[in-house]
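# Coordinate inspection notes
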Amino acid sequence: MRLLTLALLTTFASLAFAGGRSDRVTIHLLDPRGAIDGDHTMPTEWKGGKTDVLGSRVLNISEAKALRTLLTKELADDDNVPFCGHSPAYAVTILPDGGTATTVTLCGTCGTWAKRGELRALHGKAALKMLDDLLPLPDVFQTLDGKPAKILDPFDDSPRVPFRFLAVPDGG
């Protein structure tokens, strides 16, 4: 398993410093609750989960380089992960010219990242901050008073209604 993780990290790092202009980097805003409402979904990269894609954005060259630099630093080979069920709000897909796409998902609730079924600890939050600046997380998922949104509690058993039906919290 360590060899697979090392190979995945090496692949991602090499993509991070590859040619640049021919690489296409797309970020996806995901429903971190794993709710499904239609056909526009993508895998969460862990335990066979998938979730709705709420939005996507193709990055320009400077944004892509900055994000890849942060991810290279923060995607650690650390399997000492906290549990939250991996509820990613973002996915990053790098498609090198003529190559195969590489996708990682990032969960800010517990600070993990996943790729091809491997779950690892995320070392730092700068990449998540940049992703939120580029493609902002909806208010309903934002932290209140420094605490994660109640809707993202992994033990919340309320129905997973489609995103379009969620109400923005009123501060409590």
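Scroll up to find the structure this text is about.
Here's what I pulled together on the structure shown here.

Quick notes on the rules
Residues numbered from 1 in each chain as written. Predicted model: local features only at pLDDT ≥ 70, side-chain atom pairs only at ≥ 80, totals over all residues. Heavy atoms only, no water. Core = buried A, V, L, I, M, F, W, Y, C linked by side-chain atoms within 4.5 Å. Buried < 20%, exposed > 50% of the residue type's maximum accessible area, 1.4 Å probe, protein only. Helix = DSSP H or I, 4+ residues; strand = E, 2+ residues; numbered from the N terminus. Contact = heavy atoms within 4.5 Å. Pairing = 2+ DSSP bridges.

The next thing to look at is the nonpolar core. If you look at the biggest cluster of nonpolar residues, it comprises 27 residues, and the most contacted ones within it are Ile27, Leu67, Tyr90, Val92 and Leu106. Counting only elements with at least two residues in this core, the list comes to strand S1 (24-30), helix H2 (61-74), strand S4 (90-95), strand S5 (102-107) and helix H3 (126-134). Counting residues per element, this core draws most heavily on H3, which supplies five residues. Not counting residues within four places of it along the chain, the set of residues in contact with Leu106 comprises Leu71, His86, Pro88, Ala89, Tyr90, Val92, Thr112, Trp113, Leu122, Leu128 and Leu131.

All right, on to the pairing of S5 then. The buried count for S5 comes to six of six residues, which makes it a mostly enclosed element. Of the two faces of S5, the one holding Thr102, Val104 and Leu106 and the one holding Thr103, Thr105 and Cys107 are both buried throughout. Note that S4 and S5 share five bridges and pair antiparallel. Each residue of the ladder has a partner; that of Val92, found in S5, is Val104. Here S4 folds back onto S5, and the loop between the two strands holds six residues, one of which, Gly98, carries a positive phi near 75°. Here S5 folds back onto strand S6 (residues 112-115) in antiparallel fashion, the turn holding four residues, of which Gly111 has a positive phi close to 75°.

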